[in-house]
Amino acid sequence: MAGKFKSLIVLALLAITVVVGWNWWHHIRIHGETEPLEFSSGDGTVLVGELRLPAGPGPHPAVVLVHGSGPGELSEIDNQYNSNAFLKKGLAVLAYDKRGAGRSSGDFDTATYADFAEDLLAGVRALRARADIDDDNIGLFAVSEGAWFAPEVAVRDGRIRFVITKSGPPLVAHEVYRWEMRNDLIASGFDDETMIDELLGARTEVWSYYRAAAAVDDPLPGRRADVQARLDALDARVHEVSSISLADFDREKYQRWVTDIYYDPAPWLFKMDVPMLAVFGSDDQNVPTDAAVSALTHLREAAGKDIEIRIYPGRDHYFFRWYNVLTVGMPSGYFNLVGDWAAERVD
């Protein structure tokens, strides 16, 4: 019996090794040559990246990967398999450590979307300076938070060929934050809708106070007292599940916060005149898919924008789910969708 049990363990370990090895070989190892590429942003921040080149002679069309929220690094697995989606279709890929993360310089904690946009612009320019890159065929692949400012970069640069967004919100940032907060509360077991609405309303008042105080460089003591009274009046159960308070007056800090909280990609999306592919999961708890699709559909129909929308049923913000051990948990056809779509839009 012991021998049979050991044999089963060995077979299970062998099966796991085969599955992991197959996924690594097909999806995670980089399918091309790599070389380091460093570039400097407008404020002197040095971004450390890696250029991934497909097989064959250049110059190659290229795509820049744009991180989502958090201190992203180029070595993350999603950067690996997203890179391969493009490399296999003949596009080069630039991935880099976000400012203040990995080997890049800068301070992540004080960075805003404006800083990240400048970093992305610098990355595009660094690609254009290379003889092995086709400088007229560079696109952007932006995930989640990165999709907020990718349209801005496309407009400001003026030569971006296409934009692909994955789980990216074409909405004012604070609308998305409230959606995410509501879902986080419900997921934690807090399902009193009245109190959730009160909490989100109080959070909005806090943000509004920060915006007003930063604009006039004044702590606005009367308004601050009103907001604090609203926070104090929240049900005790709300404070048990959510940390909400007023930060001490600090104009510089307030300005950084409201830059992101009130960031609106809509004006840039309206100005953007390049093809866009927007990919969503139907069950996204971080970005309201229905509202995002509605906004993009309106742009496409009312403003004549070239926007293609794809929704994957049953997928959340990250798309990842082990429904098939041979797909790295991503939806069937996803890699070909983004890779083929990009390849079809470059010369």
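Here goes a summary of the coordinates provided. It should be emphasised that the depicted structure is a prediction, and the values quoted were computed from it without experimental measurement.

Let us now look at the pairing of strand 1 (residues 33-40). Relative to strand 2 (residues 46-53), strand 1 runs antiparallel, the two being bridged by 8 bridges. Among the inter-strand pairings, Phe39 is bridged to a residue of strand 2, identified as Leu47. From the end of strand 1 to the start of strand 2, which pair antiparallel, there are 5 residues, and Gly44 there has a positive phi angle of about 90 degrees.

A separate point is the side chain of Thr45. In this fold, Thr45 is placed in the loop between strand 1 and strand 2. What makes Thr45 buried here is its relative accessible area of 7%. Within the structure, Thr45 has its side chain in polar contact with the side chain of Arg99 (distance 3.3 Å). With sequence-adjacent residues up to four places away left out, Thr45 is seen in contact with Phe39, Ser40, Arg99, Ser105 and Gly106.

Further remarks concern the pattern of salt bridges. Across all of its chains, the model carries 21 salt bridges by this definition. Here Asp136 and Arg159 are joined by a salt bridge, their closest N and O atoms 2.7 Å apart. Highlighted residues: Asp136 in strand 5 (residues 133-143) and Arg159 in the loop between helix 4 (146-157) and strand 6 (163-166), separated in sequence by 23 residues. Since its relative accessible area comes to 42%, Asp136 is described here as partly exposed. Each of the salt bridges in this network shares a partner with another, and the network as a whole consists of Glu35, Arg130 and Asp132.

Strand order in this open sheet of 8 strands is 1-2-4-3-5-6-7-8, and the pairing throughout is mixed. Each of the sheet's edge strands pairs with one partner strand only, and the pair in question is strand 1 and strand 8 (307-312). Taking each pair of neighbouring strands and ignoring which way they run, the sheet shows an average axis angle of 20 degrees. Note: strand 2 against strand 4 (residues 92-96), 4 bridges, orientation antiparallel. When the bridges of strand 4 are listed, Glu50 appears paired with Ala95. Its contacts with the sheet place helix 3 (residues 113-128) against strand 1, strand 2, strand 3 (60-66), strand 4 and strand 5, and it is angled at close to 150 degrees to strand 5. On top of the sheet, helix 4 reaches strand 3, strand 5 and strand 6; it is set at about 155 degrees to strand 5, its chief contact.

It is worth spelling out helix 3 at this point. With 16 residues, helix 3 extends 23 Å between its outermost C-alpha atoms, agreeing within 8% with the 22 Å of an ideal straight helix rising 1.5 Å per residue. In terms of residue burial, helix 3 counts as a mostly covered element, since 12 of its 16 residues are buried. Turning to helix 3, its buried residues are Tyr113, Phe116, Ala117, Asp119, Leu120, Leu121, Ala122, Gly123, Val124, Ala126, Leu127 and Arg128.

Below, the discussion takes up the packing of aromatic side chains. Per the stated rule, a full pass over the model turns up 21 aromatic pairs. The interplanar angle of 70 degrees and the centroid separation of 5.6 Å between the aromatic rings of Tyr81 and Phe335 together place this pair among those described as edge-to-face. Of this pair, Tyr81 sits in helix 2 (residues 77-87) while Phe335 sits in helix 12 (residues 334-343), and the two are 254 residues apart along the sequence. Like Tyr81, the residue Phe335 is buried in the burial classification. Judged by centre distance (5.8 Å) and plane angle (70 degrees), the ring pair of Phe319 and Tyr334 falls under edge-to-face. With Phe319 in the loop between strand 8 and helix 12 and Tyr334 in helix 12, this pair connects stretches of sequence that are 15 residues apart. An aromatic cluster is present here, built from Phe108, Tyr113, Phe116, Trp148, Phe149, Tyr177, Trp207 and Tyr263 joined pairwise through their rings.

Within the largest apolar cluster, 74 residues are counted, with the highest numbers of intra-cluster contacts made by Val64, Leu127 and Leu140. A total of 11 residues in this core trace back to one element, the largest contributor, which is helix 6 (residues 193-216). With residues near it in sequence (within four places) discarded, Val64 still touches Leu94, Tyr96, Leu120, Val124, Leu127, Ile138, Gly139, Leu140 and Phe141. Among the nonpolar cores identified, the runner-up in size contains 27 residues, and Phe162, Tyr312, Phe319 and Phe335 belong to it.

A separate point is the side chain of Ser41. With respect to the element layout, Ser41 can be found in the loop between strand 1 and strand 2. Relative accessible area serves as the criterion here: at 7%, Ser41 is assigned to the buried category. Contact partners of Ser41, with chain neighbours within four places excluded, come to Leu47, Arg99, Asp115, Glu118, Asp119 and Ala122.

Each value, and the rule that gives it
Residues numbered from 1 in each chain as written. Predicted model: local features only at pLDDT ≥ 70, side-chain atom pairs only at ≥ 80, totals over all residues. Heavy atoms only, no water. Pairing = 2+ DSSP bridges. Helix = DSSP H or I, 4+ residues; strand = E, 2+ residues; numbered from the N terminus. Buried < 20%, exposed > 50% of the residue type's maximum accessible area, 1.4 Å probe, protein only. Polar contact = N/O pair within 3.5 Å; in protein donor to acceptor, adjacent residues only side chain to side chain. Contact = heavy atoms within 4.5 Å. Salt bridge = Lys/Arg side-chain N within 4 Å of Asp/Glu carboxyl O. Axes fitted to C-alpha atoms, helices over the stretch in contact; angles between N-to-C directions. Expected span 1.5 Å × (residues − 1). Phe/Tyr/Trp six-rings, centres within 6.5 Å; stacked < 30°, edge-to-face > 60°. Core = buried A, V, L, I, M, F, W, Y, C linked by side-chain atoms within 4.5 Å.

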